[in-house]
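Inside the fold
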There are 2 protein chains.
Amino acid sequence: MTTLESSDSGRSAAKLKHAEYARLEAPLALEHGDELTDLVVCYETYGTLNEKRDNTVLICHALSGDSHVARHDEADDPGWWDLVVGPGKPIDTDACFVICPNSLGSCRGTTGPNALNPSTGHAYGQDFPTITVGDIVETQRRLLEHLGIDKLLAVVGASMGGQQALQWGVKHPDMAMGTIAIATAPRITSQALAFDVVGRNAILHDPNFHDGQYYDQETGPKAGLAIARMIGHVTYLSGEAMQEKFEADRFQPREVATTFEKTFSVGSYLGHQGDKFVERFDANSYLCLTKAMDLFDLGHSPDALAQVFSASTCRWLLLSFSSDWLFPPAQSQDMTRALIAGNRPVTYCNVSSNCGHDAFLLPEDFAVYGELIRGFMRNLIEPCVCAPGSCGRLRDPDDPPGEASIFSPDRLDYEHIVRLIPKDASVLDLGCGKGELLCRLRQRGNRDIMGVERNENALLSCVWDGQNVIHADLNEQLSQFADGQFDYVVLSRTLQAVKDIDTVLSEMLRIGRKGIVSFPNFAYYKLRDMLAKEGRAPESTGVLRHKWYNTPNLRFFSIADFAELCQERGIVIHEMLAMETETRRDVVEDPNLNADLAILVLSRQ
Amino acid sequence: MTTLESSDSGRSAAKLKHAEYARLEAPLALEHGDELTDLVVCYETYGTLNEKRDNTVLICHALSGDSHVARHDEADDPGWWDLVVGPGKPIDTDACFVICPNSLGSCRGTTGPNALNPSTGHAYGQDFPTITVGDIVETQRRLLEHLGIDKLLAVVGASMGGQQALQWGVKHPDMAMGTIAIATAPRITSQALAFDVVGRNAILHDPNFHDGQYYDQETGPKAGLAIARMIGHVTYLSGEAMQEKFEADRFQPREVATTFEKTFSVGSYLGHQGDKFVERFDANSYLCLTKAMDLFDLGHSPDALAQVFSASTCRWLLLSFSSDWLFPPAQSQDMTRALIAGNRPVTYCNVSSNCGHDAFLLPEDFAVYGELIRGFMRNLIEPCVCAPGSCGRLRDPDDPPGEASIFSPDRLDYEHIVRLIPKDASVLDLGCGKGELLCRLRQRGNRDIMGVERNENALLSCVWDGQNVIHADLNEQLSQFADGQFDYVVLSRTLQAVKDIDTVLSEMLRIGRKGIVSFPNFAYYKLRDMLAKEGRAPESTGVLRHKWYNTPNLRFFSIADFAELCQERGIVIHEMLAMETETRRDVVEDPNLNADLAILVLSRQ
């Protein structure tokens, strides 16, 4: 028997014992035309609003979540994001005032289809109007107004909560300093939409649905809702994760009481998940909220997205998970591209994960996504001011100190590169590593600077230092940058490790009005001698100190070779510096013979 | 109103006008313990059984297919695999006698749950016993026996039909000369299983299911079956394919009459598919056949699979599709590994495709999968006997003649390599290209030979020539070969294009008792001069004739470098040949200076 509970009373009061309720005064005009006159919002808060009233973090929950994002004390029930929210956690309730409201249309305290319809005296059911993510966000905005908060430190959300965070970032650009949108999309994929449709069809065709007025019936559309939930569950997990969970004991179903098929272990799990969900969630809310997700549409084409995101003024952190097939990484990359196109400050990471869409709720990849959130939040609270050499506090474990590496701290070329770039120039550093060059540029006064890096841990160091950095592979993913977007694009000791020289070089000079490359000179006299006299693959104690079979370098060329390529490709060399890294001295005479490192300033003719 | 149709009468007689029916005499004992006493098989045939009665091709259909695999004449309805089966098609009915039976448990003519249960006089419904893929195959075997056919040229199937082909190959190893198993798996993934479970739950919880005895009811479990089909449909398509189909007109549903949600274009499509399916398929058959798919289990661990496949004696062609997430390529790779472990003749290709699981039914990737089937079938009918130089009839379009390429026809080293390998040795050629070396070895008398190649078109040439070749990347996928599996493993002009030299070298000498490498010598005197005197990245008219920025070669080393690495790694050099390719002469004196190509025979100490 499904009981009708008014949103006023708060459903599952025992679980939501810390929930507060706000009755919003004026009617809410909805995007699709209706209005809601009686609107109650259930929410929970954590931490303390500071005197300047500028430390509020709004957390938006996903489809089936609620206001209980974290435990309020040791004795409290766990929240759905205890990993991330709490004292000393990435979203630190010692420093921030966290608000998590239950979503409009949900059944966990805020007005939704199970609330009383003032015009009928019955529950709304299917008479609850169509709502959008915009309406959900507007309800949150009205709650903040009600609480006297007119500025947010950050809006944070994942999945459907991520859609809300996106909506905040683009529709209320002055409200938050930062937006964190995780495992989300400007509009969901056709595949994800299809699964939502099938789930809704299962509910709508359940004979116990009674056109949504099942609240006073013997039973509600339990089977339909459970089936919708089962479909959802499969999409929240990656194939690998399911394999790990259910492969070994495939034919040994777990001991659960369920009316659903139990032949296989995965079946007993899904049946159990379906049954559990029906106990705590309302089918009309499921219909209402999945529809809101499906209707959410910030645009499809790159141009439309660029237009929408151009309005934003906050700092952005976008995260995706490599194995998330419900909100695939490409969608976060589309948004990253749109933000880049508008010169917005954005950091993006595709967190390597086996956990699928649910990764943001799980501890497995927390060391990366948790620290990215922590680093980003820390820089919102207090921007990083780092002294020379102090950057990269989070060390890349793949790159231990003293090891041969092209990302070595001994980078003579950085000083020269900083000097070659004007103080007011915008700069993109391709293959930025831990952001050492970016840091030097920032210290020197450059403001509009950004990095591209494919190593997750190096990227983490950049975020920790408050740099904007994009997780991407230089060989494939530079098209997201616009023509002439930066004054300078830098490839410092990176070009020789790239396979497709022509493309990367041409991308560099498309994106930057000028390019700066530094690379090891293969015609350095010691290397020549080694091949000529000893008949051995050249190797030095300097920048070419690797063995032929394990060097990160894939291309070997001299200053003369590079100069010839520039000439053939119509690339102008404006300036060249050459040096011998072993002796740390500049080389003027015959650099192609005497230098082991060259730095060139280039542009298109 | 769902009507009961006896399997005898043949459902949808209008569509299956060419179907024939065989009543099998003795009862069929089923794997799960029951038996079927009254068993009718519906089948269609194409082409003519030859006098030797050895040209029969058995085609096994997928879940919802039937006996009508292809049209019988111009006026006939299209079959589900008209692309592949017919006169002059890859499965050529001018040469082969094709039989396609409807599956046991289906509702398209062969006995299934909608047939009369002789012990009750009613339809079986849920009293139809649990059947397995093994039972389906046994029914097919009995049909062939009934028709007097005791030898097959090939068994071919995809998806659930692929499971049947696998079952044939491992359980009746003497029956067929060749097995083609497409987009299938030794057991389905937990994810695919989960979707099947949810679909079955939708049927089982439909109140019109009536425990399976809905045949004489007003209506059957139409909503449940339609929902199961909708889930299936989403899994048959790739995410990219759905994006292409439904992205542009997302909010413009198509004009279809359906009781299902029509808000979105993808919803109208799924609703339509669901409705159509209900008209032609029986819910009990859907339950019965998906359960058979889910129970199919040739083993999970590599050892178990190797054991199962070791029984097979036929030639194998395994195909997967890169975007198939329902039967992911890794599963075909697992089977390939098992066949390799047992030294079975196998060719595997992961066809690059955007079409998902359904790719095998679609024209998009037919140029590859169709030609692979054609090439494999041609070699079953008549093994390729090719003259020297005539190999590779299907040219790789990426590799036009005369272009600089490491797969150039001018391959001096082949003659030497063939001479270095004994006539009775087994050989694995890593990076075999179009199979030229394999072809020379076969002409010379070597029998147990195999190639590994990552280029799809080059691989096609190998299949066309009747070689066994595995589609794999040398940098990652050599673990599928067993220790000491081949007498000789060859890396001809390939090592220098590989990034991880150490791993590939060590894999070569793990898999082969001996290894043969040929590579360009970077210390060839002309190259030394170029760097030493001109200060330029070396380049020659011979094997190192590429520019530094676009060479396929990633590693540059001399004979001396390689010899040193061998010493450091405990690799013995048994023999070395050196040559100057420009002058086509062997080099004896100071090869590290005078040769531009070296061939070495290696082994572990």
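Residues numbered from 1 in each chain as written. Chains lettered and ligands numbered in written order. Predicted model: local features only at pLDDT ≥ 70, side-chain atom pairs only at ≥ 80, totals over all residues.

Let us now look at the overall build of chain A. Summing up its helical and strand segments, chain A has 17 helices and 20 strands in all. With the C-alpha coordinates of chain A rotated into their principal frame, the extents come out at 90 × 60 × 45 Å. In chain A, which comprises 605 residues, the proportion classed as buried is 58%. Taking contacts inside chain A between residues at least 6 apart in sequence as the whole, the part at least 24 apart equals 69%. (Helix = DSSP H or I, 4+ residues; strand = E, 2+ residues; numbered from the N terminus. Buried ≥ 20, exposed ≤ 12 C-beta atoms within 10 Å, placed from the backbone. Contact = placed C-beta atoms within 7 Å.)

Glancing now at the relation of the copies chain B and chain A. The operation relating chain B to chain A is a screw motion whose rotation component is 180 degrees, with 0.0 Å of axial translation and a residual RMSD of 0.0 Å. Such a turn and shift between the copies fits a two-fold axis. For chain B, the smallest separation between a C-alpha atom and the rotation axis is recorded for Leu554(B), amounting to 2.6 Å. (Least-squares fit on C-alpha atoms with pLDDT ≥ 70 in both.)

With 57 residues of chain B at the contact, the number on the chain A side is 57 residues. Among the secondary structure elements, those contributing two or more residues to the side of chain B that touches chain A are helix H3 (190-204), helix H4 (222-236), helix H5 (239-246), helix H6 (265-280), helix H14 (501-511), helix H15 (525-534), helix H16 (559-568) and helix H17 (591-594) of chain B. A per-element tally of the side of chain B that touches chain A places H3(B) first, with 11 residues. Class assignment for the residues of the side of chain B that touches chain A results in 35 nonpolar, 13 polar and 9 charged. (Nonpolar A, V, L, I, M, F, W, Y, C, P; charged D, E, K, R; others polar.)

Below, the discussion takes up helix H11 (residues 412-420) of chain B. Residues and elements named next belong to chain B. Turning to H11, its buried residues are Asp 413, Tyr 414 and Ile 417. Each buried residue of H11 sits inside an arc of 105 degrees when the element is viewed along its axis, so together they form one side. Turned more than 90 degrees from where H11 packs its buried face, Glu 415 and Arg 419 sit exposed. Among the structural elements, helix H12 (436-444), strand S16 (486-492), strand S17 (512-520) and strand S20 (597-604) are those in contact with the buried residues of H11. (Arc of directions from axis to C-beta.)

All names here are of chain A. It is at 8 Å that the axes of helix H8 (residues 302-309) and helix H9 (residues 329-341) come closest, and there the two elements cross at 60 degrees. Here H9 runs oblique to H8, going by the angle between their axes. Remark: the crossing between H8 and H9 carries right-handed chirality. Residues Pro 302, Leu 305, Ala 306 and Phe 309 of H8 pack against Asp 334, Met 335, Arg 337, Ala 338, Leu 339 and Ala 341 of H9. A class-by-class count of the residues in the contact of H8 with H9 yields 8 nonpolar, no polar and 2 charged. (Axes fitted to C-alpha atoms, helices over the stretch in contact; angles between N-to-C directions. Parallel < 35°, antiparallel > 145°, perpendicular 65-115°, else oblique. Left-handed = near helix turned anticlockwise from the far one by under 90°.)

Turning to the pairing of strand S10 (residues 176-182) of chain A, a few remarks are in order. Residue and element names in this part refer to chain A. Within S10, 6 of the 7 residues are buried, which leaves it mostly tucked inside the rest of the structure. For strand S9 (residues 152-158) and S10, the ladder comprises 6 bridges, and the chain directions are parallel. Its bridge partner being in S10, Ala 158 is matched across the sheet by Ile 182. Of the crossover connections in this fold, the one passing from S9 over helix H2 (residues 160-171) to the parallel S10 is right-handed. (Pairing = 2+ DSSP bridges. Right-handed = clockwise from strand over helix to strand, strands pointing away.)

With that out of the way, let us pick up the environment of Phe281(A). Residue and element names in this part refer to chain A. Position of Phe 281 relative to the elements: it lies in the loop between helix H6 (265-280) and helix H7 (283-295). Judged by the 21 C-beta atoms lying within 10 Å of it, Phe 281 falls in the buried class. Separated by 55 residues in sequence, Phe 281 and Ala 226 place their C-alpha atoms 10.0 Å apart. Among all residues touching Phe 281, those that are not within four sequence positions of it are Ser 64, Cys 107 and Tyr 286.

Quick look at helix H2 (residues 160-171) of chain B now. Here H2(B) contains 12 residues, and its C-alpha end-to-end distance of 16 Å stays within 8% of the 16 Å for a straight helix at 1.5 Å per residue. Here H2(B) lies mainly inside the structure; 11 of its 12 residues are buried. (Expected span 1.5 Å × (residues − 1).)

All names here are of chain A. Looking at chain A as a whole, its pLDDT mean stands at 91, while 93% of the residues score no less than 70. Overall, residues 1-14 carries pLDDT values under 50, and its contacts beyond four positions in sequence, including any with other chains, amount to 31 contacts. A low-confidence stretch, residues 387-409 (pLDDT under 50), is modelled with 35 contacts involving residues beyond four sequence positions or located in other chains. Quick note on the complex model: pTM equals 0.93, ipTM equals 0.92. (pLDDT = per-residue confidence, 0-100.)

Next up on the list: the environment of Gly47(A). Residue and element names in this part refer to chain A. Among the secondary structure elements, Gly 47 is positioned in the loop between strand S4 (39-46) and strand S5 (56-60). A tally of 20 C-beta atoms within 10 Å means that Gly 47 is categorised as buried. Distance from Gly 47 to Gly 86, taken between C-alpha atoms, is 8.4 Å for residues 39 residues apart in sequence. Excluding anything up to four places from it in sequence, Gly 47 contacts Thr 93, Asp 94, Cys 96, Phe 97 and Val 98.

This paragraph deals with the environment of Gly375(B). Along the polypeptide, Gly375(B) turns up in helix H10 (residues 366-381). Here the alpha-carbon distance between Gly375(B) and Gly466(B), two residues 91 residues apart in the chain, equals 7.3 Å.

The next thing to look at is the packing of H3(B) against H4(B). Residues and elements named next belong to chain B. Following both chains from N to C, one finds H3 and H4 inclined at 160 degrees, their axes separated by 7 Å at the closest point. Viewed along their axes, H3 and H4 adopt a mutual orientation that is roughly antiparallel. Note that H3 runs across H4; the crossing there is right-handed. Two secondary-structure elements touch here, H3 through Ala 192, Phe 195, Val 198, Gly 199, Arg 200, Ala 202 and Ile 203 and H4 through Gly 224, Leu 225, Ile 227, Ala 228, Ile 231, Gly 232 and Thr 235. Residue classes in the contact of H3 with H4 are distributed as 9 nonpolar, 4 polar and 1 charged.

Here Asp590(A), not a glycine, exhibits a phi torsion of approximately 40 degrees, which is positive. Mapped onto the secondary structure, Asp590(A) falls in the loop between strand S19 (585-586) and helix H17 (591-594). Its identity is not glycine, yet Arg584(B) carries a phi of approximately 55 degrees, on the positive side. Looking at the secondary structure, you find Arg584(B) in the loop between strand S18 (571-580) and strand S19 (585-586).

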